[in-house]
Amino acid sequence: LLLSHRNTQSWVLSGTQYTHHNNTTSQQQQQPSIPLLGTSRLRILRLIESLVLLGDPLVDAALQKSDVLRKALELFWQFEWCSMLHQTIANLLVHVFEGGKDRAGLQNYFLAAGNNNGQENGGGGGGGGDGG
């Protein structure tokens, strides 16, 4: 699956910064490389969003059995500055949580995934509150 293929780890924006002074170009300092989501993975996530928007119980069941929704949430947290990705995941989540009892399976899936994310990341990614 392209969402988690090992080659996607090499999709980075080079951290080298260049400056131009008096008709010469010089390399400044090496910045850390920035991982890229890539248009291929964004298109796959948009397809997953479209599948969720169908509201078909068979599609919902198939998505719950696969790991694509979990991976989508992982990418959401990994690429914190990718607004197109965040809009896609937000649309998907809003549609699920506004779907009422017909979407209870996916609602429970995302609630459980959110709780697991908070535990794996030292409490980050979970809701607010005092824990009690």
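Every value quoted in this text rests on a predicted model; they were computed, and no experiment measured them. (Residues numbered from 1 in each chain as written. Predicted model: local features only at pLDDT ≥ 70, side-chain atom pairs only at ≥ 80, totals over all residues. Heavy atoms only, no water.)

## A look at the overall build of the protein chain
- Per the secondary structure count, the protein chain includes 5 helices and 4 strands.
- In the protein chain, the succession of helices and strands from N to C terminus is β-β-β-β-α-α-α-α-α.
- Counting over 132 residues, the protein chain shows a buried share of 27%.
- About 9000 Å² of surface is accessible on the protein chain, with carbon and sulfur atoms providing 53% of the total. (Helix = DSSP H or I, 4+ residues; strand = E, 2+ residues; numbered from the N terminus. Buried < 20%, exposed > 50% of the residue type's maximum accessible area, 1.4 Å probe, protein only. Areas by Shrake-Rupley, 256 points an atom, 1.4 Å probe, with all protein chains shown as cover.)

## Description of the side chain of aspartate 60
- Structurally, aspartate 60 is set in helix α2 (residues 57-65).
- A distance of 2.7 Å separates a polar atom in the side chain of aspartate 60 from a polar atom in the side chain of arginine 103.
- Setting aside residues up to four positions removed in sequence, aspartate 60 forms contacts with Arg103 and Leu106. (Polar contact = N/O pair within 3.5 Å; in protein donor to acceptor, adjacent residues only side chain to side chain. Contact = heavy atoms within 4.5 Å.)

## Details of the confidence of the model for the protein chain
- Overall, the predicted model of the protein chain reaches an average pLDDT of 76, with 61% of residues at or above 70.
- Predicted confidence for residues 118-132 stays below pLDDT 50, and this span has 6 contacts to residues more than four positions away or in other chains. (pLDDT = per-residue confidence, 0-100.)

## Side note on the environment of lysine 65
- The residue lysine 65 is located in helix α2 in this model.
- As for lysine 65 and tyrosine 109, which are separated by 44 residues in sequence, their C-alpha atoms are 10.0 Å apart.

## Section: the packing of helix α3 (residues 68-78) against helix α4 (residues 83-97)
- Two numbers describe how α3 lies on α4: the axes approach to 10 Å, and their chain directions differ by 135°. Classified by the angle their axes make, α3 and α4 are oblique. For the pair α3 and α4, the crossing hand works out as left-handed. Between α3 and α4, the residues in contact are Leu69, Ala72, Leu73, Leu75 and Phe76 and Leu85, His86, Ile89 and Leu92, respectively.
- Classifying every residue of the contact of α3 with α4 by side-chain character gives 8 nonpolar, 1 polar and no charged. (Axes fitted to C-alpha atoms, helices over the stretch in contact; angles between N-to-C directions. Parallel < 35°, antiparallel > 145°, perpendicular 65-115°, else oblique. Left-handed = near helix turned anticlockwise from the far one by under 90°. Nonpolar A, V, L, I, M, F, W, Y, C, P; charged D, E, K, R; others polar.)

## What to know about the nonpolar core
- If you look at the biggest cluster of nonpolar residues, it comprises 22 residues, and the most contacted ones within it are Leu37, Leu69, Leu85 and Phe110.
- If you list the elements that add at least two residues to this core, you get α1 (39-54), α3, α4 and α5 (104-120).
- Considering every element that reaches this core, the biggest residue donor is α3, with 6 residues.
- Setting aside residues no more than four positions away along its own chain, leucine 85 makes contact with Leu37, Leu42, Leu45, Leu75, Phe76 and Phe79. (Core = buried A, V, L, I, M, F, W, Y, C linked by side-chain atoms within 4.5 Å.)

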